[in-house]
Amino acid sequence: MNRLIVISNRVTAPKGSTAGAQGGLAVALAAALRDRGGMWFGWSGEQTDQFNGHINFQRNSGVTTATVDLEEQDVQEYYDGYANRTLWPLFHYRIDLAEYERDFAGGYKRTNQRFADTVRPLIEPDDVIWIQDYHMFPLGAELRARGCANRIGFFLHIPWPPRRLLGTLPNARELVESLFAYDLIGFHTEEWLESFCDFARHDMGATIEGNIARLGDRQVELIACPIGIDAVEFAEMSKSVPARLAYRRMRDSADGRDMIVGVDRLDYSKGLEERFLGYERFLNEHPEERKEVFLLQIAPPSRVSVESYQRIRQSLEGLSGRINGAYADVDWVPIRYVNQGYPRDHLAGIYRAAKIGLVTPLRDGMNLVAKEYVAAQDPEDPGVLVLSRFAGSAEQMEDALLVNPYSAEEVSDAIYQALRMPREERVRRWEKLMAGVQEFDVTWWAKTFLTALEKSRIPADVGS
Ligand code: ADQ
């Protein structure tokens, strides 16, 4: 089997023996790396005065990681700038928040060139290369320009925007053209894949036949390959001692009330404001339910140096404060709003204690919280997943209560329906959801993508 080189912005290979303490993605990629040998390359997360291309190699649990430090300007323009202020909002349909700055675009290109210069000497002729996510769109083309003829795959973890939105990005065509350097591009859903084809066809003049897109003398294969979680492991984790303790803590503090849970990075794409408003609507429309439920929203801050993230945080503080002020009683608070992260095993216990998992992003590439919530449930008495139709996971999770997250009425109705749902129906829905979560787990995802990449053609034209 050929060696595998995984390249992503941040490298999160497992450090200790408890794989469950890490995210599913890290677990799956680390497993593939252990099977095949190779390494995981990316940014260390550290800054240095001047970029020097020094690689820090480490070996943990059978996985080699290779990381480089970036200089401050790279971090500002490439990571905080183009990745998080330009591409992230645009690809989540928020052109109102997208900032188009030449410096960001320049820093993004420069940093990808630096990654290419640094990793190129580590690549052997038979290695298979797998690049992850929107931080690194042009990396494949940069490697080709350095004579790399290997199979190179790319996976996009976020949505692909509609062509009219993407058209607002200066140099959108250049960015998309660079993607034709890959042999295979993976998306979570058919919808994102079709949006890509739409732009490639209408704005670039590419031809699409089956799952192959052609542009000039280049061709790239496309695949919809939804990521999953490590389902068996997560279900096991929900029965662990820390999970049981977290479960007990929640049940005791709930004092007989039903808990609704939301768990998200604090990000405007996750629809947290709309979720609070939908819940407020529910409280308003069903006064008799008021003291029977509460919403636990766990939202650790992310990307704190970006202004739009500071604004959403302020707005949520205001909103939760207002709703609590309006509805709380001396012995009940409607929203418990918590800004910290929890270990995954605690989270599993919290999910299991919740009657409803409320997952209502406005746009999400996939959304793994929906899958984790399902995997953590008690098969005899499972909770109900309320899921946004605009999450990639909705394509696979039709047995959830699917809602339009922009409609406070729909969110309110779904909460009411979920609270009233008879146990038989909960079990029936959960069994179907769980079967999907188990079958299409994260190992399936990595295998499916890598198998397709192995089968894809060797590029004909390298170095142009
Ligand atoms: P994210 O936007 O980060 O990922 P998501 O898929 O929900 O979104 O993954 C979040 C992960 O962080 C989950 O595993 C969750 O358990 C964990 N997490 C969230 N809040 C936490 C907390 N308070 N404490 C501990 N852990 C917490 C991006 C895309 C998604 C896509 C993934 C994977 O935006 O659409 O599903 O990549 O491709």
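Conventions used here
- Residues numbered from 1 in each chain as written.
- Predicted model: local features only at pLDDT ≥ 70, side-chain atom pairs only at ≥ 80, totals over all residues.
- Axes fitted to C-alpha atoms, helices over the stretch in contact; angles between N-to-C directions.
- Helix = DSSP H or I, 4+ residues; strand = E, 2+ residues; numbered from the N terminus.
- Parallel < 35°, antiparallel > 145°, perpendicular 65-115°, else oblique.
- Left-handed = near helix turned anticlockwise from the far one by under 90°.
- Contact = placed C-beta atoms within 7 Å.
- Nonpolar A, V, L, I, M, F, W, Y, C, P; charged D, E, K, R; others polar.
- Buried ≥ 20, exposed ≤ 12 C-beta atoms within 10 Å, placed from the backbone.
- Near = placed C-beta within 6 Å.
- Pairing = 2+ DSSP bridges.

With an unreviewed UniProt entry as reference, the chain is termed Trehalose 6-phosphate synthase, source organism Sphingomonas endophytica.

**Structural notes on the packing of helix H2 (residues 72-91) against helix H3 (residues 102-119)**
At a closest axis distance of 8 Å, the pairing of H2 and H3 adopts a crossing angle of 115°. The orientation of H2 relative to H3 falls into the category roughly perpendicular. Of the two elements, H2 crosses H3, and the hand of that crossing is left-handed. Facing H2, whose interface residues are Gln73, Asp74, Glu77, Tyr78, Gly81, Tyr82, Arg85 and Thr86, H3 presents Asp103, Phe104, Ala105, Gly106, Gly107, Tyr108 and Thr111. In terms of residue class, the contact of H2 with H3 is built from 5 nonpolar, 6 polar and 4 charged.

**What to know about the environment of Gln47**
Within the secondary structure, Gln47 sits in strand E2 (residues 38-48). Looking at Gln47, the number of C-beta atoms within 10 Å reads 15, which means it is partly exposed. In this structure, the C-alpha to C-alpha distance between Gln47 and Glu72, residues 25 residues apart in sequence, is 6.0 Å. Not counting the four nearest positions on each side in its chain, Gln47 is found in contact with Asp69, Leu70, Glu71, Glu72 and Val75.

**Observations regarding the environment of Asn284**
Among the secondary structure elements, Asn284 is positioned in helix H10 (residues 272-285). Classification of Asn284 as partly exposed rests on a count of 14 C-beta atoms within 10 Å.

**Describing the site of the ligand**
Near the ligand you find 20 residues, and of these His157, Gly341, Gly365, Met366 and Leu368 are the closest. The dominant element in the shell around the ligand, judged by the number of residues it contributes, is helix H13 (residues 368-375), at 3 residues. In the shell around the ligand, the residues fall into 11 nonpolar, 5 polar and 4 charged.

**Observations concerning the sheet that holds strand E7 (residues 184-187)**
The strand order E3-E4-E2-E1-E5-E6-E7-E10-E9-E8 describes an open sheet built from 10 strands, whose pairing is mixed. Since the sheet does not close on itself, it has two edges, and those belong to strand E3 (56-60) and strand E8 (207-209), each with one partner. On average, each strand axis in the sheet is tilted by 25° relative to the strand beside it, whichever way the strands run. Of the strand pairs in this sheet, strand E1 (residues 4-10) and strand E5 (residues 128-132) are connected by 4 bridges, and their pairing is parallel. By the bridge assignment, Leu4 is partnered in E5 with Val128. Here H2 sits on the sheet in contact with E2 and strand E4 (63-71), set at roughly 100° to E4. Of the strands in this sheet, E5, strand E6 (151-155), E7 and strand E10 (218-224) touch helix H16 (residues 442-455), which is tilted by about 145° from E6.

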